[in-house]
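# Tertiary structure, described
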Amino acid sequence: MPKAALGNLIAKVMIVGLGLAITVTVARHGPQVQGAFALFVAVESALLTLFSGLGLWLARQISQQTDIRQARALPMLRSVLRAAVALGLVASTVLLAVSWRADRLPYSYLWLLALAAPFLLLVPTATGLWLGEGRMWPINVAQVAAPASVLAGLGGAWWISQGSHGNRATVMLVLTAWVSGKSVVAVVTAFYALRNARHRDADLAERLSASRLTAFQLPQPSWLAQWPFVATIGVTNVIGLLNYRVSLFLVERFHGLSTAGIYSVAVTAAELLWLLSSSVTVSVYSRIGHPDTQIAAAMTVQAVRINVLSTLLAAPVLLGLAWWALPWVMGPAYEASLLPLAALLPGVAAYAAASSLSAFYTNHLGRPQLSGAIAGMSLSISFCAGWFLVPLWGPMGAGVASSAGYILAIVAAYGVFLKHAGLPVRALWQSSLTRVGQAD
C-alpha cells in the first residue's frame, strides 16, 4: 500500500497544485466569476457522479476475478464506454433544456456542458479498468492531464479577458476553457484504455491457447444485467456530491453569486485535507474489494487510520497557511472565506474516513446503498441546519452546518462498517484485532 499510495499522492499533489492555480486564475476575475465557475463545476460533477457506476462496476468485475478464464476485459470496457456516450447524449438533452429556460449565471451557460457531456463521462468509466487492476499510474496520468489542459485554456481566457471583471463574456471564456480541456483528455483516456484492454486480453488468450481452459471465450458479465447496482452507485454518488455542495447552493440562494464565490474558496481549501485520504483509498481499492471479509476489513481499517490521523494533523497547518496566503494571492475580497474555512475543517477532517468506508460497502459488500444512506444522513443534517444558519450567518453558517453533518454521519458510518465487518469498536485503534488471521 505505501508504494501505490505514494505514487497516487504525488499525482494528487500535482492535481492540487494545478487545481489551486485554476482557482486563483478564476478567482482573480472577481467573486462573481468564481461563483459562476464553482456552481457550473458542481453541476458537471453531479453529471459525472450520476453515471460513475459504470466505471465502478467494471472495477469490481476486474478486482474480484479469481479465475483467469473469466478475466476478459475488452468486451466489458467497450460495453460501458458505449453506455457512457449514450447516457451523455441523454444528459445533453436535459442540459440544453435547462440552459434554454435559465436566465441566471451559470445555468444559462449549461449548453456548454451539454456539448461536452458525452465525452466527459468517458474518464470515470475508462479508468474503472485500471482501478480494478490496482494500476495507479494510468489513473494518475489521466487525473493530472485534465487540470493541466484546463489551466492552459484558462491562461488563454485570462489573456483575452484582461481588464474585465465579472462580465458574462469572461464567464463564458472560463467555462469554455474548462469543458474543452477536460473533453480532450477524456477522449484520449478512452482510446488508451481500449488499447490496454486489447493487449491484456491478447496476453491472456496466448497463455491459455495451449490449455483446455476455454471459458475465456464465454460471454462476459454485462453491466446491463446488473443495472440496479450501477444505478444505485450513481444515485449514491450524487447524494454524496450534494452533501459536499448543498451549502454552496444555499449561500447562492440567500446571499447571491459573489458571496457563493467567496464561500467556494473556503470549500476548495478545506477539501485539500482529502488529498491523502483519497490517495490511500484509490491505491487499496482493489484489495478492499477482496472476497474475504477479514482481509477487506483489515485493509479498510488500516486506510481509515491513516486517513483520519493525517487530516487531523494537517488541518491546523492548512488553516494557518490559508490565513496568510488567501487574501494575498486571490485578493482582499477572499479574506471573508477564512472564518467559514475554520468552521469547515473539523468536519472535513473527520469525514476523511468516508472514502475508505464507502469502498468497503461498494467494492466488497456490493451494497453502495449503504454509502448513500450515510451521505444522505449528512446531506439532511447539513441542509436542514444550513437552511436556518445560512440566512443568519452567511458563509459561516454554511460551514458550521456542513461540519455538523460530516461529524454526525461519520459516526454512523463507523457503526455500519463495524457491524458488517464483525469487529468491535476498539478495532479502529487496536491493530492486533485487524491482523489477518487474528481478527475477532
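Everything quoted here is computed from the prediction, not taken from an experiment. Counting starts from 1 at the beginning of each chain's written sequence and moves along it residue by residue. Totals for whole chains, interfaces and linings use all residues, but because this is a predicted model, local features are given only for residues with pLDDT of at least 70 and pairs of side-chain atoms are given and counted only at 80 or more. As a rule here, side-chain values cover all heavy atoms of the structure and leave hydrogens and water aside.

## So, the layout of surface pockets
Taken as a whole, the largest pocket encloses approximately 420 Å³ of empty space. Points on a 1 Å grid over protein atoms alone make up a cavity when a 1.4 Å probe fits among them but cannot get out, and a pocket when they form an open set with protein on both sides within 12 Å along at least five of seven lines; lining residues each have an atom within 4 Å of a point. Around the largest pocket, the lining is made up of 21 residues, and of these L20, A269, L272, L318 and L321 lie nearest the centre. Elements represented by at least two residues in the lining of the largest pocket include exactly α1 (2–27), α11 (257–270), α12 (274–283) and α14 (293–330). A run of H or I in DSSP becomes a helix once it reaches four residues, and a run of E becomes a strand once it reaches two; helices and strands are each numbered from the N terminus. Looking at which element gives the most residues to the lining of the largest pocket, the answer is α14, with 11 residues. Split by residue class, the lining of the largest pocket holds 17 nonpolar, four polar and no charged. Grid points are joined across faces, edges and corners, and a volume is the space filled by probe spheres set on the points. The classification used treats Ala, Val, Leu, Ile, Met, Phe, Trp, Tyr, Cys and Pro as nonpolar, Asp, Glu, Lys and Arg as charged, and all other residues, Gly among them, as polar.

## Brief notes about the side chain of T189
Locating T189 in the fold gives a position in helix α9 (residues 168–208). The rule is simple: take the accessible area with a 1.4 Å probe, protein chains only, and divide by the maximum for that residue type; under 20% is buried, over 50% is exposed, in between is partly exposed. Judged by relative accessible area, T189 falls into the buried class, the value being 7%. In this view, T189 contacts V123, A126, T127, W130 and A142; residues no more than four positions away in its chain are not counted. Whether two residues are in contact is decided by their heavy atoms: any pair within 4.5 Å suffices.

## Description of the nonpolar core
Buried residues of nine kinds, namely Ala, Val, Leu, Ile, Met, Phe, Trp, Tyr and Cys, make up a nonpolar core once their side-chain atoms join them within 4.5 Å. Ranked by internal contacts, the top residues of the largest apolar core, which has 130 residues, are L77, Y351, L357, I410 and F417. Counting residues per element, this core draws most heavily on α14, at 12 residues. Not counting residues within four places of it along the chain, the set of residues in contact with L357 comprises T300, V304, I410, A413, Y414 and F417.

## Considering the environment of G399
Looking at where G399 falls in the secondary structure, it is placed in helix α18 (residues 395–421). Residues G399 and L339, spaced 60 residues apart in sequence, show a C-alpha to C-alpha distance of 8.5 Å.

## Concerning the confidence of the model for the protein chain
Per-residue pLDDT for the protein chain has a mean of 82; in total, 88% of the residues score no lower than 70. Scored between 0 and 100, pLDDT is the confidence that the predictor attaches to each residue. Across the protein chain, the secondary-structure element scoring lowest on mean pLDDT is α1, at 73, and the one scoring highest is helix α15 (residues 338–350), at 94.

## So, empty space enclosed by the protein
Counted under the stated rule, the structure contains two cavities of 30 Å³ or more. Every element with two or more residues in the lining of the second largest cavity is listed here: α10 (227–255), α11, α15 and α18. For the lining of the second largest cavity, the class distribution of residues is six nonpolar, two polar and one charged.

## A short note on helix α4 (residues 74–101)
Structurally, the α-helix is built with 3.6 residues per turn, so residues lying three or four positions apart point the same way. In this analysis, the expected span of each helix is defined as 1.5 Å times one less than the number of residues it contains. Here α4 spans 41 Å end to end across 28 residues, near enough to the 40 Å set by a 1.5 Å rise per residue. By the burial criterion, the buried members of α4 are L74, M76, L77, V80, L81, A83, A84, G88, A91, S92, L95 and S99.

## Examining a nonpolar patch on the surface
Patch definition: residues with relative accessible area over 30% and no salt bridge; like charges joined within 9 Å; nonpolar side chains (Val, Leu, Ile, Met, Phe, Trp, Tyr) joined within 5 Å. Accessible areas in this description were obtained via Shrake-Rupley with a 1.4 Å probe; residue shielding takes into account the shown protein chains only. Between Lys or Arg on one side and Asp or Glu on the other, a salt bridge is scored when a side-chain nitrogen of the former is within 4 Å of a carboxyl oxygen of the latter. Together, W323, L339, L392, W393, M396 and V400 make up a nonpolar patch on the protein surface, roughly 630 Å² of accessible area in all. Note that M396 resides in helix α18. By relative accessible area, which is 31% here, M396 ends up partly exposed.

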